[in-house]
Amino acid sequence: MTVYPAKQHFAATVGHLGADSGVILVHGSETLMHPDSDTEYEFHQNSNFYYLSGVAEPGFAAAYDISTRTAILFVPHVSADEAVWTGVPPSLDEYRAAHGFDAAHYTKDIDAVVGALKPSVVYTLPENASACAAFSLAPVEKLRLAVHEARVYKDDCEIEIMRRANQISSAAHVTLMHEAREGMNEAELRGRFVGLALAQGCSYEAYGSIVARGRNAAVLHYTKNNMKLDNSSDVVLVDAGGTYGNYASDITRTWPVGPRFTDNARAIYAIVLDMQKAVIDACAPHKQWEDMHALAQRVAAEGLLRLGVLTGDLESILAHHVVGYFMPHGIGHLIGIDTHDVGGYPPGTERINKPGLRYLRARREMLPRMVFTVEPGLYFVDAILAEAQATPTVAQHIDFDVVKRYHSVGGVRIEDNIVITDSGNDNLTSKCPKEIADVEALRSGAYNA
(Lines give C-alpha, C1' and ligand atoms only; values in the text may rest on other atoms or scores of the structure.)
Protein backbone atom coordinates (compact mmCIF):
# COMPACT_ATOMS: atom_id res chain seq x y z
CA MET A 1 0.00 0.00 0.00
CA THR A 2 1.24 3.49 -0.84
CA VAL A 3 1.98 6.14 1.80
CA TYR A 4 -1.22 7.67 3.10
CA PRO A 5 -1.66 10.95 1.14
CA ALA A 6 -1.62 13.39 4.06
CA LYS A 7 -0.26 16.31 2.03
CA GLN A 8 -2.92 15.81 -0.62
CA HIS A 9 -5.57 15.83 2.09
CA PHE A 10 -4.24 19.10 3.46
CA ALA A 11 -4.31 20.53 -0.08
CA ALA A 12 -7.87 19.28 -0.66
CA THR A 13 -8.93 20.92 2.59
CA VAL A 14 -7.31 24.21 1.59
CA GLY A 15 -9.31 24.05 -1.65
CA HIS A 16 -12.53 24.04 0.35
CA LEU A 17 -11.14 26.56 2.85
CA GLY A 18 -10.49 29.10 0.11
CA ALA A 19 -7.35 30.49 1.76
CA ASP A 20 -4.00 31.38 0.16
CA SER A 21 -2.04 32.02 3.36
CA GLY A 22 -2.00 31.10 7.03
CA VAL A 23 -1.28 27.82 8.79
CA ILE A 24 -3.47 24.84 9.57
CA LEU A 25 -2.63 23.41 13.00
CA VAL A 26 -4.41 20.34 14.35
CA HIS A 27 -3.91 18.02 17.31
CA GLY A 28 -4.76 14.34 17.50
CA SER A 29 -6.44 12.53 20.37
CA GLU A 30 -4.71 11.59 23.62
CA THR A 31 -4.83 8.30 25.48
CA LEU A 32 -7.55 8.20 28.15
CA MET A 33 -7.24 6.18 31.34
CA HIS A 34 -9.90 4.40 33.34
CA PRO A 35 -10.39 6.28 36.64
CA ASP A 36 -8.35 4.93 39.57
CA SER A 37 -6.46 2.47 37.40
CA ASP A 38 -3.49 2.18 35.08
CA THR A 39 -5.63 0.72 32.29
CA GLU A 40 -6.21 2.64 29.07
CA TYR A 41 -9.47 3.00 27.22
CA GLU A 42 -9.26 1.61 23.69
CA PHE A 43 -7.72 4.39 21.61
CA HIS A 44 -9.48 5.85 18.58
CA GLN A 45 -7.90 8.71 16.67
CA ASN A 46 -9.80 11.92 15.99
CA SER A 47 -11.22 11.33 12.51
CA ASN A 48 -10.46 14.79 11.14
CA PHE A 49 -6.89 14.59 12.41
CA TYR A 50 -6.45 11.16 10.86
CA TYR A 51 -7.71 12.42 7.51
CA LEU A 52 -5.11 15.21 7.52
CA SER A 53 -2.19 13.24 8.96
CA GLY A 54 -2.66 9.52 8.47
CA VAL A 55 -1.41 9.05 12.06
CA ALA A 56 -3.38 6.56 14.15
CA GLU A 57 -1.29 6.92 17.33
CA PRO A 58 -2.03 9.19 20.31
CA GLY A 59 -0.33 12.47 21.14
CA PHE A 60 0.60 13.72 17.66
CA ALA A 61 -0.06 17.08 15.99
CA ALA A 62 0.33 18.36 12.44
CA ALA A 63 0.67 21.71 10.67
CA TYR A 64 0.42 22.86 7.07
CA ASP A 65 1.79 26.16 5.79
CA ILE A 66 -0.73 27.12 3.12
CA SER A 67 1.47 29.53 1.16
CA THR A 68 4.50 27.21 0.91
CA ARG A 69 2.53 23.92 0.95
CA THR A 70 4.80 22.58 3.67
CA ALA A 71 3.49 19.80 5.93
CA ILE A 72 5.01 19.42 9.41
CA LEU A 73 4.46 16.48 11.74
CA PHE A 74 4.78 16.88 15.51
CA VAL A 75 5.74 13.73 17.41
CA PRO A 76 5.40 13.08 21.16
CA HIS A 77 8.73 12.46 22.85
CA VAL A 78 9.02 9.01 24.45
CA SER A 79 11.35 8.83 27.44
CA ALA A 80 13.54 5.83 28.22
CA ASP A 81 11.21 4.90 31.09
CA GLU A 82 8.16 5.01 28.79
CA ALA A 83 9.97 3.01 26.11
CA VAL A 84 10.24 0.10 28.55
CA TRP A 85 6.45 -0.28 28.30
CA THR A 86 5.71 0.94 24.78
CA GLY A 87 8.88 0.13 22.85
CA VAL A 88 11.49 2.39 21.30
CA PRO A 89 9.72 4.66 18.77
CA PRO A 90 10.93 5.51 15.26
CA SER A 91 13.12 8.57 14.84
CA LEU A 92 11.70 11.91 13.76
CA ASP A 93 12.94 11.37 10.23
CA GLU A 94 11.47 7.88 10.10
CA TYR A 95 8.09 9.26 11.19
CA ARG A 96 8.38 12.05 8.62
CA ALA A 97 9.09 9.66 5.77
CA ALA A 98 6.53 7.07 6.85
CA HIS A 99 3.71 9.64 6.82
CA GLY A 100 4.85 11.70 3.84
CA PHE A 101 5.57 14.97 5.65
CA ASP A 102 8.18 17.56 4.74
CA ALA A 103 9.50 17.97 8.29
CA ALA A 104 9.08 16.52 11.77
CA HIS A 105 9.61 17.99 15.25
CA TYR A 106 8.64 17.07 18.79
CA THR A 107 5.32 18.32 20.13
CA LYS A 108 7.10 20.39 22.81
CA ASP A 109 8.32 22.63 19.98
CA ILE A 110 4.93 23.32 18.34
CA ASP A 111 4.65 26.96 19.38
CA ALA A 112 8.24 27.76 18.36
CA VAL A 113 8.04 26.00 14.99
CA VAL A 114 4.64 27.39 14.02
CA GLY A 115 5.54 30.82 15.41
CA ALA A 116 8.63 30.92 13.16
CA LEU A 117 6.29 30.66 10.15
CA LYS A 118 4.80 34.02 11.21
CA PRO A 119 1.24 33.00 10.24
CA SER A 120 -1.26 35.81 9.75
CA VAL A 121 -3.93 33.40 10.96
CA VAL A 122 -4.09 29.83 12.23
CA TYR A 123 -6.90 27.49 11.25
CA THR A 124 -7.76 24.78 13.74
CA LEU A 125 -10.61 22.52 14.80
CA PRO A 126 -13.08 23.41 17.57
CA GLU A 127 -11.68 20.73 19.88
CA ASN A 128 -8.13 22.08 19.36
CA ALA A 129 -8.82 25.76 20.01
CA SER A 130 -7.43 25.84 23.57
CA ALA A 131 -4.21 24.07 22.49
CA CYS A 132 -3.70 26.71 19.80
CA ALA A 133 -4.41 29.73 22.00
CA ALA A 134 -0.94 31.21 21.40
CA PHE A 135 -1.94 32.17 17.84
CA SER A 136 -4.49 34.37 16.13
CA LEU A 137 -7.25 31.91 15.24
CA ALA A 138 -9.74 31.95 12.41
CA PRO A 139 -13.31 30.96 13.36
CA VAL A 140 -12.91 27.28 14.19
CA GLU A 141 -15.96 26.18 12.16
CA LYS A 142 -14.19 27.24 8.95
CA LEU A 143 -11.62 24.45 9.13
CA ARG A 144 -14.10 21.87 10.41
CA LEU A 145 -16.47 22.45 7.49
CA ALA A 146 -13.60 22.46 4.98
CA VAL A 147 -12.23 19.16 6.31
CA HIS A 148 -15.69 17.61 6.28
CA GLU A 149 -16.28 18.58 2.66
CA ALA A 150 -12.83 17.30 1.63
CA ARG A 151 -13.52 13.98 3.38
CA VAL A 152 -16.63 13.44 1.24
CA TYR A 153 -14.46 12.73 -1.82
CA LYS A 154 -12.24 9.66 -1.56
CA ASP A 155 -8.93 9.44 -3.41
CA ASP A 156 -7.43 6.27 -4.88
CA CYS A 157 -5.61 5.40 -1.66
CA GLU A 158 -8.76 5.71 0.43
CA ILE A 159 -10.81 3.64 -2.02
CA GLU A 160 -8.12 0.95 -2.00
CA ILE A 161 -8.26 0.82 1.80
CA MET A 162 -12.06 0.70 1.81
CA ARG A 163 -12.07 -2.05 -0.80
CA ARG A 164 -9.89 -4.17 1.47
CA ALA A 165 -12.07 -3.41 4.50
CA ASN A 166 -15.08 -4.62 2.56
CA GLN A 167 -13.32 -7.72 1.23
CA ILE A 168 -12.44 -8.78 4.77
CA SER A 169 -15.89 -8.00 6.14
CA SER A 170 -17.67 -9.69 3.23
CA ALA A 171 -15.70 -12.87 3.77
CA ALA A 172 -16.60 -12.83 7.46
CA HIS A 173 -20.30 -12.50 6.59
CA VAL A 174 -20.03 -15.46 4.24
CA THR A 175 -18.42 -17.57 6.96
CA LEU A 176 -21.23 -16.70 9.39
CA MET A 177 -23.87 -17.65 6.82
CA HIS A 178 -22.10 -20.94 6.24
CA GLU A 179 -21.26 -21.89 9.82
CA ALA A 180 -24.20 -20.70 11.94
CA ARG A 181 -26.40 -23.41 13.46
CA GLU A 182 -29.70 -23.42 15.28
CA GLY A 183 -28.99 -23.35 19.00
CA MET A 184 -26.12 -20.87 18.75
CA ASN A 185 -26.34 -17.51 20.51
CA GLU A 186 -26.30 -14.12 18.81
CA ALA A 187 -23.17 -13.35 20.84
CA GLU A 188 -21.35 -16.33 19.34
CA LEU A 189 -21.97 -14.98 15.86
CA ARG A 190 -20.78 -11.50 16.78
CA GLY A 191 -17.64 -12.95 18.37
CA ARG A 192 -16.97 -15.07 15.31
CA PHE A 193 -17.35 -12.07 13.00
CA VAL A 194 -15.03 -9.88 15.05
CA GLY A 195 -12.43 -12.64 15.29
CA LEU A 196 -12.46 -13.21 11.54
CA ALA A 197 -12.18 -9.49 10.79
CA LEU A 198 -9.29 -8.93 13.20
CA ALA A 199 -7.48 -12.02 11.99
CA GLN A 200 -7.43 -10.60 8.45
CA GLY A 201 -6.04 -7.20 9.43
CA CYS A 202 -8.95 -5.09 10.66
CA SER A 203 -8.10 -3.14 13.80
CA TYR A 204 -11.57 -3.18 15.37
CA GLU A 205 -15.31 -3.27 14.67
CA ALA A 206 -16.41 -0.23 12.69
CA TYR A 207 -19.40 0.02 15.05
CA GLY A 208 -21.21 -2.17 17.56
CA SER A 209 -22.22 -5.22 15.52
CA ILE A 210 -25.92 -6.07 15.27
CA VAL A 211 -26.84 -9.77 15.34
CA ALA A 212 -30.62 -9.91 15.62
CA ARG A 213 -32.72 -13.03 15.24
CA GLY A 214 -36.46 -12.99 14.68
CA ARG A 215 -38.33 -10.13 16.28
CA ASN A 216 -35.05 -8.61 17.49
CA ALA A 217 -34.48 -7.51 13.89
CA ALA A 218 -37.32 -5.02 14.32
CA VAL A 219 -34.96 -3.00 16.57
CA LEU A 220 -32.90 -1.02 14.08
CA HIS A 221 -29.80 -0.65 16.28
CA TYR A 222 -30.19 -3.83 18.31
CA THR A 223 -26.94 -4.48 20.19
CA LYS A 224 -27.87 -6.80 23.06
CA ASN A 225 -26.74 -9.75 20.95
CA ASN A 226 -27.62 -12.23 23.71
CA MET A 227 -30.50 -14.35 22.43
CA LYS A 228 -30.42 -17.95 21.29
CA LEU A 229 -31.14 -18.94 17.70
CA ASP A 230 -33.87 -21.33 18.77
CA ASN A 231 -36.33 -21.28 15.87
CA SER A 232 -35.42 -22.46 12.38
CA SER A 233 -38.25 -20.32 10.95
CA ASP A 234 -36.59 -17.10 12.11
CA VAL A 235 -34.29 -14.93 10.07
CA VAL A 236 -31.06 -13.46 11.42
CA LEU A 237 -30.11 -9.89 10.53
CA VAL A 238 -26.33 -9.35 10.79
CA ASP A 239 -25.18 -5.75 10.41
CA ALA A 240 -21.41 -5.79 10.94
CA GLY A 241 -18.24 -4.39 9.46
CA GLY A 242 -14.58 -4.09 10.28
CA THR A 243 -12.33 -1.04 10.25
CA TYR A 244 -9.18 -1.52 8.16
CA GLY A 245 -6.52 1.18 7.90
CA ASN A 246 -8.87 3.47 9.85
CA TYR A 247 -11.62 3.20 7.20
CA ALA A 248 -14.94 1.50 7.89
CA SER A 249 -17.05 -1.06 6.12
CA ASP A 250 -20.76 -1.42 6.85
CA ILE A 251 -22.49 -4.54 5.53
CA THR A 252 -25.84 -6.11 6.38
CA ARG A 253 -27.05 -9.53 5.36
CA THR A 254 -30.26 -11.27 6.46
CA TRP A 255 -30.54 -15.03 6.28
CA PRO A 256 -32.63 -17.90 7.69
CA VAL A 257 -31.76 -19.76 10.86
CA GLY A 258 -32.84 -22.92 9.06
CA PRO A 259 -31.64 -24.03 5.64
CA ARG A 260 -34.31 -22.04 3.77
CA PHE A 261 -36.44 -18.94 4.19
CA THR A 262 -40.05 -19.49 5.15
CA ASP A 263 -42.54 -18.32 2.52
CA ASN A 264 -43.34 -15.16 4.49
CA ALA A 265 -39.71 -14.30 5.15
CA ARG A 266 -38.82 -14.96 1.51
CA ALA A 267 -41.59 -12.62 0.35
CA ILE A 268 -40.35 -9.73 2.51
CA TYR A 269 -36.71 -10.44 1.66
CA ALA A 270 -37.49 -10.42 -2.07
CA ILE A 271 -39.02 -6.96 -1.83
CA VAL A 272 -36.01 -5.58 0.06
CA LEU A 273 -33.66 -7.13 -2.51
CA ASP A 274 -35.67 -5.51 -5.32
CA MET A 275 -35.44 -2.18 -3.49
CA GLN A 276 -31.69 -2.44 -3.15
CA LYS A 277 -31.05 -3.55 -6.72
CA ALA A 278 -33.17 -0.71 -8.10
CA VAL A 279 -31.31 1.89 -6.06
CA ILE A 280 -27.82 0.54 -6.83
CA ASP A 281 -28.67 0.43 -10.54
CA ALA A 282 -29.82 4.05 -10.34
CA CYS A 283 -26.89 5.47 -8.35
CA ALA A 284 -24.81 7.67 -10.64
CA PRO A 285 -23.26 11.15 -10.77
CA HIS A 286 -25.53 14.19 -10.53
CA LYS A 287 -28.50 12.33 -9.07
CA GLN A 288 -29.90 13.40 -5.72
CA TRP A 289 -29.50 11.03 -2.78
CA GLU A 290 -33.04 11.71 -1.53
CA ASP A 291 -34.35 10.56 -4.92
CA MET A 292 -32.73 7.19 -4.27
CA HIS A 293 -34.73 6.99 -1.04
CA ALA A 294 -37.90 7.85 -2.98
CA LEU A 295 -37.11 5.11 -5.51
CA ALA A 296 -36.71 2.55 -2.72
CA GLN A 297 -40.04 3.63 -1.26
CA ARG A 298 -41.77 3.19 -4.61
CA VAL A 299 -40.38 -0.31 -5.12
CA ALA A 300 -41.35 -1.21 -1.55
CA ALA A 301 -44.88 0.10 -2.03
CA GLU A 302 -45.31 -1.92 -5.21
CA GLY A 303 -44.09 -5.07 -3.46
CA LEU A 304 -46.21 -4.58 -0.35
CA LEU A 305 -49.24 -3.95 -2.56
CA ARG A 306 -48.66 -7.30 -4.26
CA LEU A 307 -48.57 -9.01 -0.85
CA GLY A 308 -51.73 -7.25 0.30
CA VAL A 309 -49.94 -5.54 3.19
CA LEU A 310 -50.79 -2.23 1.52
CA THR A 311 -54.04 -1.40 -0.25
CA GLY A 312 -55.31 1.37 -2.46
CA ASP A 313 -53.70 3.70 -4.96
CA LEU A 314 -49.90 3.62 -5.30
CA GLU A 315 -49.53 7.38 -5.68
CA SER A 316 -51.70 8.01 -2.63
CA ILE A 317 -49.59 5.55 -0.64
CA LEU A 318 -46.46 7.42 -1.62
CA ALA A 319 -47.99 10.85 -1.02
CA HIS A 320 -48.91 9.85 2.53
CA HIS A 321 -45.44 8.36 3.20
CA VAL A 322 -46.95 5.02 4.20
CA VAL A 323 -43.77 3.10 3.42
CA GLY A 324 -42.00 5.20 6.06
CA TYR A 325 -43.88 3.18 8.68
CA PHE A 326 -42.20 0.01 7.38
CA MET A 327 -38.80 1.56 6.54
CA PRO A 328 -38.37 4.29 9.19
CA HIS A 329 -34.70 4.95 8.36
CA GLY A 330 -33.00 6.53 5.38
CA ILE A 331 -31.73 4.57 2.38
CA GLY A 332 -28.09 4.93 3.47
CA HIS A 333 -25.28 7.28 4.34
CA LEU A 334 -21.79 8.42 3.42
CA ILE A 335 -19.05 6.15 4.76
CA GLY A 336 -15.30 6.59 5.17
CA ILE A 337 -13.16 7.06 8.25
CA ASP A 338 -16.41 7.07 10.20
CA THR A 339 -19.22 4.62 9.54
CA HIS A 340 -21.75 7.43 9.43
CA ASP A 341 -19.33 9.78 7.72
CA VAL A 342 -19.36 13.56 7.66
CA GLY A 343 -20.68 15.85 4.94
CA GLY A 344 -24.14 14.40 4.45
CA TYR A 345 -25.83 17.77 4.92
CA PRO A 346 -23.90 20.67 3.35
CA PRO A 347 -24.43 24.03 5.11
CA GLY A 348 -27.95 25.34 4.48
CA THR A 349 -29.45 21.94 3.66
CA GLU A 350 -32.47 21.14 5.82
CA ARG A 351 -33.96 17.82 6.84
CA ILE A 352 -37.35 16.72 5.49
CA ASN A 353 -39.74 16.18 8.38
CA LYS A 354 -41.67 13.22 6.95
CA PRO A 355 -41.80 9.53 8.00
CA GLY A 356 -38.57 7.83 6.93
CA LEU A 357 -37.24 10.96 5.25
CA ARG A 358 -36.51 12.74 8.54
CA TYR A 359 -33.81 10.16 9.24
CA LEU A 360 -31.98 10.51 5.93
CA ARG A 361 -28.30 10.83 6.83
CA ALA A 362 -27.49 12.65 3.59
CA ARG A 363 -29.20 15.12 1.27
CA ARG A 364 -26.92 16.08 -1.56
CA GLU A 365 -26.00 15.48 -5.18
CA MET A 366 -24.05 12.28 -5.77
CA LEU A 367 -20.67 12.93 -7.38
CA PRO A 368 -17.69 10.74 -8.34
CA ARG A 369 -15.57 9.43 -5.46
CA MET A 370 -18.33 9.69 -2.90
CA VAL A 371 -18.90 6.40 -1.06
CA PHE A 372 -22.39 5.53 0.16
CA THR A 373 -24.09 2.62 1.85
CA VAL A 374 -27.30 1.40 0.21
CA GLU A 375 -29.34 -0.28 2.93
CA PRO A 376 -33.09 -0.58 2.36
CA GLY A 377 -35.12 -2.57 4.85
CA LEU A 378 -38.64 -3.51 5.85
CA TYR A 379 -39.56 -3.91 9.50
CA PHE A 380 -42.62 -4.69 11.60
CA VAL A 381 -42.11 -2.37 14.58
CA ASP A 382 -45.03 -2.50 17.02
CA ALA A 383 -44.78 1.12 18.19
CA ILE A 384 -44.65 2.49 14.65
CA LEU A 385 -47.47 0.22 13.45
CA ALA A 386 -49.61 1.46 16.34
CA GLU A 387 -48.90 5.03 15.25
CA ALA A 388 -49.84 4.12 11.67
CA GLN A 389 -53.09 2.54 12.84
CA ALA A 390 -53.95 5.74 14.73
CA THR A 391 -53.31 7.93 11.66
CA PRO A 392 -56.37 7.66 9.35
CA THR A 393 -54.62 8.87 6.18
CA VAL A 394 -52.02 6.12 6.68
CA ALA A 395 -54.23 3.38 8.15
CA GLN A 396 -56.53 3.48 5.11
CA HIS A 397 -53.67 2.02 3.06
CA ILE A 398 -52.61 -0.79 5.45
CA ASP A 399 -54.35 -4.15 5.92
CA PHE A 400 -53.40 -4.87 9.52
CA ASP A 401 -54.71 -8.44 9.33
CA VAL A 402 -52.22 -9.15 6.55
CA VAL A 403 -49.50 -7.38 8.54
CA LYS A 404 -49.99 -9.98 11.30
CA ARG A 405 -48.91 -12.74 8.89
CA TYR A 406 -45.49 -11.12 8.50
CA HIS A 407 -45.07 -9.78 12.02
CA SER A 408 -42.83 -12.66 13.15
CA VAL A 409 -40.31 -11.88 10.40
CA GLY A 410 -39.23 -8.90 12.51
CA GLY A 411 -37.13 -7.12 9.95
CA VAL A 412 -35.02 -7.56 6.83
CA ARG A 413 -32.18 -5.30 5.73
CA ILE A 414 -29.60 -5.70 2.96
CA GLU A 415 -26.66 -3.30 2.82
CA ASP A 416 -23.78 -2.75 0.40
CA ASN A 417 -21.09 -0.06 0.08
CA ILE A 418 -20.77 1.69 -3.30
CA VAL A 419 -18.35 4.20 -4.81
CA ILE A 420 -19.88 6.71 -7.22
CA THR A 421 -17.85 6.64 -10.46
CA ASP A 422 -17.85 8.82 -13.56
CA SER A 423 -20.51 6.65 -15.20
CA GLY A 424 -22.31 4.84 -12.38
CA ASN A 425 -21.00 3.09 -9.30
CA ASP A 426 -18.64 0.37 -8.09
CA ASN A 427 -20.06 -2.03 -5.50
CA LEU A 428 -17.32 -2.79 -2.96
CA THR A 429 -19.40 -5.60 -1.42
CA SER A 430 -20.53 -7.37 -4.58
CA LYS A 431 -18.80 -10.61 -3.53
CA CYS A 432 -21.01 -10.96 -0.42
CA PRO A 433 -23.96 -13.16 -1.46
CA LYS A 434 -27.48 -11.76 -1.20
CA GLU A 435 -29.50 -13.54 -3.89
CA ILE A 436 -32.02 -15.89 -2.29
CA ALA A 437 -30.63 -18.95 -4.05
CA ASP A 438 -27.06 -18.12 -3.00
CA VAL A 439 -28.01 -17.43 0.61
CA GLU A 440 -30.03 -20.66 0.85
CA ALA A 441 -27.17 -22.61 -0.72
CA LEU A 442 -24.85 -21.34 2.01
CA ARG A 443 -27.39 -22.13 4.73
CA SER A 444 -28.12 -25.59 3.29
CA GLY A 445 -24.39 -26.25 3.19
CA ALA A 446 -24.23 -25.45 6.90
CA TYR A 447 -26.94 -27.98 7.64
CA ASN A 448 -25.56 -30.64 5.30
CA ALA A 449 -21.92 -30.27 6.37
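Residues numbered from 1 in each chain as written. Predicted model: local features only at pLDDT ≥ 70, side-chain atom pairs only at ≥ 80, totals over all residues. Heavy atoms only, no water.

The feature "domain: Aminopeptidase P N-terminal" (unreviewed entry), as annotated in UniProt, sits at residues 4-133 in this numbering. A helix fraction of 32% and a strand fraction of 17% characterise residues 4-133, whose end C-alpha atoms lie 29 Å from each other. (UniProt positions renumbered as here; feature names shortened; annotations may be inferred. Helix = DSSP H or I, 4+ residues; strand = E, 2+ residues; numbered from the N terminus.)

This paragraph deals with the nonpolar core. Across soluble globular proteins, you tend to see nonpolar side chains buried next to one another. One finds Ile24, Trp289, Leu310 and Phe326 to be the most contacted residues of the largest nonpolar core, which totals 125 residues. Counting residues per element, this core draws most heavily on helix 9 (residues 263-282), at 11 residues. Split by domain, this core shows at least three residues from each of two domains, domain 1 (6-151) and domain 2 (156-448). With 12 residues, the next largest nonpolar core counts Ile72, Phe74, Val114 and Phe135 among its residues. (Core = buried A, V, L, I, M, F, W, Y, C linked by side-chain atoms within 4.5 Å. Buried < 20%, exposed > 50% of the residue type's maximum accessible area, 1.4 Å probe, protein only. Domains from an automatic or database assignment.)

Moving on, we get to the environment of Pro285. Topologically, Pro285 is positioned in the loop between helix 9 and helix 10 (289-307). Residue Pro285 is classed as buried on the basis of its relative accessible area of 14%. Pro285 has contacts with Met366, Pro368, Ile420, Thr421, Asp422, Ser423 and Gly424, leaving out every residue within four places of it along the chain. (Contact = heavy atoms within 4.5 Å.)

Further remarks concern the sheet that holds strand 16 (residues 425-427). Taking strand neighbours across the sheet as the criterion, the 3 strands line up as 12-15-16 in an open arrangement whose pairing is antiparallel. Among the strands making up the open sheet, the edge pair consists of strand 12 (371-374) and strand 16. Neighbour to neighbour, the strand axes of the sheet diverge by 30° on average, direction disregarded. Two elements, strand 15 (residues 416-420) and strand 16, share 3 bridges in a ladder whose sense is antiparallel. Within strand 16, the position partnered with Ile418 by the bridge is Asn427. (Pairing = 2+ DSSP bridges. Axes fitted to C-alpha atoms, helices over the stretch in contact; angles between N-to-C directions.)

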